[in-house]
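A look at the structure
This is what each chain is made of:
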Amino acid sequence: QVQLVESGGGLVQAGGSLRLSCVASGSISSINVMGWYRQAPGQERELVAVETRTGSTNFAESVKDRFTISRDYAKNTVYLQMNSLKPEDTAVYYCAYAPASGGPYDGWGQGTQVTVSS
């Protein structure tokens, strides 16, 4: 079992930056993929960015060139650096993990709210 705790959300003006953190605890060795998803009001949860243990990454088209994902294995933490934020980035951001690349996610964090004002 892996527990995930996100932090770093908040209110920011358009064009600003935020860095989200997600700390994993528990059965860390079972983690292969770590990802960030988001869900805006009235919309389905969508992929933002994922990174596998081998360093392969994938991003939503809407955030490419603005967001980066990184992992600090010593701290069991995955980060989402968000730059040039837009009002349409407003959502609850969730961290998730999967034991295998391409497989289902086994656990999710509680989410952190990101609000971008225009």
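Here the structure is a predicted model, which means the values were calculated and not measured.

Conventions used here
- Residues numbered from 1 in each chain as written.
- Predicted model: local features only at pLDDT ≥ 70, side-chain atom pairs only at ≥ 80, totals over all residues.
- Heavy atoms only, no water.
- Helix = DSSP H or I, 4+ residues; strand = E, 2+ residues; numbered from the N terminus.
- Core = buried A, V, L, I, M, F, W, Y, C linked by side-chain atoms within 4.5 Å.
- Buried < 20%, exposed > 50% of the residue type's maximum accessible area, 1.4 Å probe, protein only.
- Contact = heavy atoms within 4.5 Å.

With phi around 75°, Asp65 is a residue other than glycine that occupies positive phi space. Along the chain, Asp65 turns up in the loop between β6 (57-59) and β7 (67-72). Positive phi, close to 50°, is recorded for Ser84, a residue that is not glycine. Its location among the elements puts Ser84 in the loop between β8 (77-82) and β9 (91-98).

Before going further, it helps to spend a moment on the nonpolar core. By size, the foremost hydrophobic cluster in this structure holds 28 residues, and its most contacted members are Met34, Trp36, Leu80, Met82 and Tyr93. Mapped onto this core, the elements with two or more residues apiece are β1 (2-7), β3 (18-26), β4 (33-39), β5 (46-51), β7, β8, β9 and β11 (112-117). With residues near it in sequence (within four places) discarded, Leu80 still touches Leu18, Arg19, Leu20, Trp36, Val48, Ala49, Phe67, Thr68 and Tyr93.

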